[in-house]
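# Notes for the structure review
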Amino acid sequence: MLCRQRLRDAGYCQGRAEEFLPIAIDSAAAACLMLYLKWDRMLCLKWDSWLLAKKKILLLYAEIERDPEICTIDEKEDTAMSIWRLGYVEVRSLDLERDRHFWQEVGGLIETERGDGHVYLKCWDEQDHHSVILKQDTTTGIERLGFKVEGPRDLQEYEQKLRTAGVETAYIPQDIARGEALRFSTPSGHTVELYYQMEKVGNGMPRVNPVTPWPKDVNWNRLSPARLDHLSLPAADPSQTVAFFTDVLGFRLSERVEDDKRKTVAGWLFATANTTHNVSILKGPNAKLHHIGFRADDWTEIRRAADVLTMNDVPIEIGPTRHGITRGFTVYFRDPSGNRFEFFVDSVRPDPDDEPITWTADQLARGVFLYEKNMPESFMQCS
Ligand SMILES: [Fe+2]
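Calculation rules
- Residues numbered from 1 in each chain as written.
- Predicted model: local features only at pLDDT ≥ 70, side-chain atom pairs only at ≥ 80, totals over all residues.
- Buried ≥ 20, exposed ≤ 12 C-beta atoms within 10 Å, placed from the backbone.
- Helix = DSSP H or I, 4+ residues; strand = E, 2+ residues; numbered from the N terminus.
- Pairing = 2+ DSSP bridges.
- Expected span 1.5 Å × (residues − 1).
- Arc of directions from axis to C-beta.
- Contact = placed C-beta atoms within 7 Å.
- Core = buried A, V, L, I, M, F, W, Y, C linked by C-beta atoms within 7 Å.
- pLDDT = per-residue confidence, 0-100.
- Axes fitted to C-alpha atoms, helices over the stretch in contact; angles between N-to-C directions.

Before going further, it helps to spend a moment on the pairing of strand 3 (residues 118-122). Taking burial as the measure, the five residues of strand 3 include four buried ones, the bulk of the element. Of the strand pairs in this sheet, strand 2 (residues 110-115) and strand 3 are connected by five bridges, and their pairing is antiparallel. Directly across from Gly115, in strand 3, lies its bridge partner His118. In textbook terms, the turn of a hairpin is the stretch between consecutive antiparallel strands, and for strand 2 and strand 3 this stretch comprises two residues, one of which, Asp116, has a positive phi near 55 degrees. By the bridge criterion, four bridges tie strand 3 to strand 4 (residues 132-136) in an arrangement that is antiparallel. By the bridge assignment, His118 is partnered in strand 4 with Lys135.

Written as structure tokens, this is what we have:
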């Protein structure tokens, strides 16, 4: 519905489909119509980044009376899907200067700002001002997380959805490098902020003819992740929190673990296409952090991360190895304060209309660590 409303507001969607059919036929994109016809959710996900010609396809599709034989419309059709990515996470540090040094000299993150007990960092291939905030504190764990949405209307839409669901919301003013945000708490007690503006600082590469594969100052003797990828959050009632992410925030499940009563006890949730998850929800204490995941390109990046950790005497908690869930490659470690981080790349790249993959609870250990078929006891700890 967000997509259709935007089309209407932009003047692309004011009449019946037949009136716009000639426009679509005139465009080169018309030939693609049948190819994209079944991808209704992909259209909604990607519409913002498509060229004008493809918007005309959207227009046509938004107004066309759908053929039930080729388009399956279910209860999720009207769910908002305007979250673009996990934008930032604020993590607590027991020693800010020590952890800042770790994340720069071992982690290879780029400091973009500091002050008032906080350090702002970004990964090398991110365009926005920051994705990781270190906060001086007396305990470890997660302070808040932010999802980037497209614009102010998304905040209004989500505010309405949250209020309808009985969730308290509050607009918070602009912060360092970030515009206003809509703040609320999940049933698991995690503070979430939706925002749509953040200062762009770039990735050190030109937007025209970027002829090198990475900026020349990236230090591959450091972890140097390309970008923040996902969070894993514990919840006392994971079924409730998974339902909150799907029913209120519009996420979809890529994979889930169910107990013998077929209740969801863990979920991997995505809001953006071509990733297994932006967030995973596991059984555990509310308001805590299980881990923060950085995205790697491929298996060799996971191996390199393990090498870098070893070179710097950083204990590896588990890995390099492979998950059954997501079929991802992974290595886990802790920062000096004890917060768990992951270098990760997934192999499952679900489409929004894929049925979630289900794991039964008796196969959970193989789902989490496919090779080891076992989870170390430390892995159950949260910060
Ligand atoms: Fe992860």
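So, on to unusual backbone geometry. A cis amide bond, omega 0 degrees, links Gly319 with the succeeding residue Pro320. Locating Pro320 in the fold gives a position in strand 14 (residues 316-322). Despite not being glycine, Arg262 shows a phi value in the positive range, around 65 degrees. You can see Arg262 is positioned in the loop between strand 10 (252-258) and strand 11 (264-270). A positive phi angle, close to 55 degrees, is found at Asp313, a residue other than glycine. We classify Asp313 as exposed; it has 7 C-beta atoms within 10 Å.

All right, on to helix 9 (residues 299-311) then. Taking 1.5 Å per residue as the helical rise, helix 9 with its 13 residues ought to reach 18 Å, and the 19 Å between its terminal C-alpha atoms agrees with that figure. Within the sequence span of helix 9, burial applies to Glu301, Ile302, Ala305, Val308 and Leu309. Along helix 9, the residues classed as buried sweep out an arc of 120 degrees about the axis, all on the same side. Seen from the open side of helix 9, the exposed residues pointing more than 90 degrees away from its buried face are Thr300, Thr310 and Met311. Tucked inside the fold, the buried residues of helix 9 contact strand 14, strand 15 (329-334) and strand 16 (340-345).

Within the largest apolar cluster, 76 residues are counted, with the highest numbers of intra-cluster contacts made by Val89, Val132, Leu194 and Leu269. Ignoring sequence-local partners within four residues, the contact set of Leu194 consists of Phe147, Val149, Asp154, Leu155, Tyr158, Ala181 and Leu182.

With that settled, the discussion passes to the confidence of the model for the protein. A residue-level look at the protein finds 79% of positions with pLDDT of 70 or above and a mean pLDDT of 85. Counting contacts from residues 13-60, a segment whose pLDDT is below 50, to residues more than four positions away or on other chains yields 63 contacts. Below pLDDT 50 for its whole length, residues 62-77 participates in 15 contacts with residues either more than four positions away or in separate chains.

Spatially, 14-15-16-13-9-12-11-10-17 is the arrangement adopted by the nine strands of the open sheet, whose pairing is mixed. Edge strands, defined here as strands with exactly one partner in the open sheet, are strand 14 and strand 17 (357-360). Mean inter-strand twist for the sheet, computed between neighbouring axes without regard to direction, equals 20 degrees. Pairing of strand 14 with strand 15, which is carried by four bridges, proceeds in the antiparallel orientation. Looking at the pairing, Ile318 lines up with Tyr332 of strand 15. Taken strand by strand, helix 8 (residues 238-247) contacts strand 9 (227-235), strand 10, strand 11 and strand 12 (279-283), and its axis lies near 25 degrees from that of strand 11.

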